[in-house]
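Below are the chains, spelled out letter by letter.
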Amino acid sequence: MSIDPFDTSVQDSNENNKFHLKEFAYKYLVYWKWFILSVGLCLVLALVYLKIQTPIYSVHSSILIKDQQKGLGEEDDMMKQLNIFSSNKVVDNEIEVLRSYTLMEEVTKSLHLDVSYYRQGFFRKVELYKDRPINLEVIYPTALTYKEPLKVTHINKQNATVNGQRIPFNTLVNTPYGLLKLTLTGKEPGMKELIVNVSTISNIAENLTDAIRVEPSSKMSTVLIMTLENPVPEKGQDILNQLIKAYNDAGLADKNLSASNTLIFINERLKLISAELGDVEKKVADYKSTQGITDISDASQLFLQNVQQNDTQLSQVKVQQSVLDAIQKQISQPNADQGSIPVTLMGVDDPNLLALMGQLSTLQLQRQSTVKVVKPGNPIVQALDEQIATLKGNINDNINSVKNGLAITRQQLERQSGAMNGLIKSVPLKERTLVDITRQQAIKNDLYTFLLKNREETALSFASTVSDTRTVDSAISSNDPIKPKKPLTLLLFALLGFAIPMAVIYINDLWNDKIKSRKDIERETKVPILAEISQTTNEADMVLNLGRSAIAEQIRALRTNIAFLSPAKKLQVIMLTSSISGEGKSFISLNLGASFAITGKKTIILEFDLRKPKLQQKLNIEYKNGLSNYLVGHAELEDVINPVPGFKDYDIITSGFIPPNPVELLVDGRMDELLTQLRLNYDYIIVDAPPIGLVTDAQVIEKYVDATFYVLRHEYTPKGRLRYINGLYNEKRFKNLNLIMNGIQQKSSYGYGYGYGYGYGYGYGYYENETEKGKKKPPGVLVK
């Protein structure tokens, strides 16, 4: 489908679009000074804000969660048996462990983060971390300790003042803020006053827990990246490094808990056996010394060896039974702590029981890690508890089975021991006694050796435990603060500087009910706009005397447009009215008449605003008789017609005295006679009528006129009057009703941003006679 380039509808549509865009732009551009001032003030505020705000640095560190099950071959079976590698950690759980309150509390205590030190700068307080000259330790806090900061002043090598109280260094002093102790750090004070904030460890730990972020580097990665924002980079680095250390220590402690319990059990048994062995050895020595026996016979020696072998086996069975009894007692407790069961079953070589015990230890460690992350009532914890309970039942059944087998073995060994005891009785009395004592010595010695062997194995497992994590990057701080970001802050404040005046202008437009633009008129009424008169800063009421100024040209354009309103019939009588006083109808009436007179048309202006006349004042003249005098019959027409000063062919009939009943005077007076005579003598008759929105005078005069021009004033006439004007137009109450927009501010948002361009300058006219042709006329000289 082709578009006709001469189609006026398409052109009008395009013009309307362009006009709307320009109107929107000029609506705000006319206030450019306010925008510059607002942006400038906001940028100053931005600089002050940047000075006031404490810069925050980003500190980050990363650790690797190892998968220890990978990379182990057959040669590593011994390491597996020693429980050196027993980790299969869940990354999500480890993230929550790193963010746990328990670890952060330990970090807070180790770094003494509950006490912070500041110096007062010009704009803000600056935290001192390792550059502080003193250390303050709160031994016993009071209710005031945490309520207000402590001000430390007058710092020297001997003492300092804390909130007005003198406190010597390295001495416990009781104050209203608790039992305090001050120590020197070796740093020079460098400031007159030091501000010390004391907080509870729990508050600091909670704040740090909320502030730290732990996340994997990618979905498939086991590398965790820890990030902390802190105003002191060195402090943030220490916090993250200490957190990693505390996390590793806690992991090692969990892994070593079972081995530690086993060592405690073995050491207690060793103390007991060692004491018993010492007593038996002393008995052997004493008996040999008193009886003079240096050795026993071969028969006794043979009996003793057989008995020792049997007793050793019996002792091992008893130890195994005691270990199984201890384990069975431990797992029967409903709330048994994880890791409290010995990691090795001394002498118990049942593979099923060993496997079950390993599974139980793994589940208990997993439950402990999970409880640090979620609450005990969580379904995950409940599932682990059910698995542990089931596993404990299986272990208990397995232990009973093993114990039954050990009981049978013990009975057999005890029967063999009884038989051998009967054989020993055949040995002579002295040797028999020595065999009994030596037998006890061998039993204790073998048991002692057995315990020592197990202790060494357990100690090797304890010493060989390694951490399941490796530090990839120690804590590193950003070189520049991450907030507040200076470029972004300046940009945001600059945008705020733009937004504030825009919001003010927008809100002002919403609340303003005055006509602001041509669009306001066109939206509310179909009455054509005949002319647009700009506002002038000149105080002269007769602008046609200002030569070729912009407003003078606009009056001339109005005169030209009137000729096109009715080409077939001349519009001789023209009435100007308005909505309210002050819209400029008298000003336009006076200058429109002058414009007609300049062209040689005989023109007269009638001041029918009988209630509030202004033309006499504008022209600075005083005529005694006027329209009111003529209408009541106190004067004749020639008595009230007077010339307008400074103009040829331009007359005026002023209002005269102010009557008490202007409307009745217009109806009952000599209006027909007046207009009939004036039509015969004048080319144009300008009627300056009162505002139609206030009185009905203009509607009475309407039947005598050929055209009515309704004057509106930019940012003065209420928008509600436009609907009233549109009703007058639709009802055809006035002939040739047209609008004149007056007082348009050239720097306002009316239309395009108002202004005319005619291709030549304004402000001065030019002489047209031959002698002075081309010379500029000064303002005030009439220009035709």
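Residues numbered from 1 in each chain as written. Predicted model: local features only at pLDDT ≥ 70, side-chain atom pairs only at ≥ 80, totals over all residues. Heavy atoms only, no water.

Residues F608 and V687 are the most contacted members of the largest nonpolar core, which totals 43 residues. Here F608 is in contact with L627, L631, L666, M671, L674, V687, D688, A689, P690 and I701, once residues within four sequence places are set aside. Counting 35 residues, the second-largest nonpolar core is a separate cluster that includes I533, I574, F587 and F596. (Core = buried A, V, L, I, M, F, W, Y, C linked by side-chain atoms within 4.5 Å. Buried < 20%, exposed > 50% of the residue type's maximum accessible area, 1.4 Å probe, protein only. Contact = heavy atoms within 4.5 Å.)

What follows concerns the packing of aromatic side chains. One pass over the structure, following the stated rule, counts 5 aromatic pairs. Look at F35 and F498: their rings are 6.0 Å apart centre to centre, the planes differ by 40°, and that puts the pair in the tilted class. Residue F35 is found in helix α2 (residues 32-52), and its partner F498 is found in helix α12 (residues 486-511); the two are separated by 463 residues along the sequence. You can call F35 buried: its relative accessible area is 9%. Aromatic side chains F647 and Y650 sit 5.9 Å apart centroid to centroid with 90° between the ring planes, which places their arrangement in the edge-to-face category. (Phe/Tyr/Trp six-rings, centres within 6.5 Å; stacked < 30°, edge-to-face > 60°. Helix = DSSP H or I, 4+ residues; strand = E, 2+ residues; numbered from the N terminus.)

Another aspect to go through is the packing of α2 against α12. Helices that pack against each other are described as a pair by the angle of their axes relative to one another and the distance between those axes. One way to put it is that α2 packs onto α12 with a least axis distance of 8 Å and a crossing angle of 145°. Helix-helix and strand crossings are classified by hand; for α2 and α12 the assignment is right-handed. Contact with α2, carried on its side by F35, S38, V39, C42, L43, L45, A46, L47, Y49 and L50, involves K486, T489, L490, F493, A494, L496, G497, F498, I500, P501, M502 and I505 of α12 and no other residues of that element. (Axes fitted to C-alpha atoms, helices over the stretch in contact; angles between N-to-C directions. Left-handed = near helix turned anticlockwise from the far one by under 90°.)

A separate point is the packing of helix α14 (residues 550-565) against helix α15 (residues 585-598). The interhelical angle for the contact between α14 and α15, taken along N-to-C directions, is 75°, at an axis separation of 9 Å. Looking at the two axes, α14 sits roughly perpendicular to α15. Between α14, through I551, I555, R556, L558, R559 and I562, and α15, the contact on the second element is made entirely by F587, I588, N591, L592, S595 and F596. Grouping the constituent residues of the contact of α14 with α15 by class yields 8 nonpolar, 2 polar and 2 charged. (Parallel < 35°, antiparallel > 145°, perpendicular 65-115°, else oblique. Nonpolar A, V, L, I, M, F, W, Y, C, P; charged D, E, K, R; others polar.)

Per-residue confidence for the protein chain averages 78 on the pLDDT scale, and 78% of its residues sit at or above 70. When the criterion is pLDDT under 50, residues 68-88 qualifies, and its contacts beyond four places in sequence or with other chains add up to 25 contacts. Segment residues 752-784: pLDDT under 50, and 69 contacts once partners within four positions in sequence are set aside and those in other chains are kept. (pLDDT = per-residue confidence, 0-100.)

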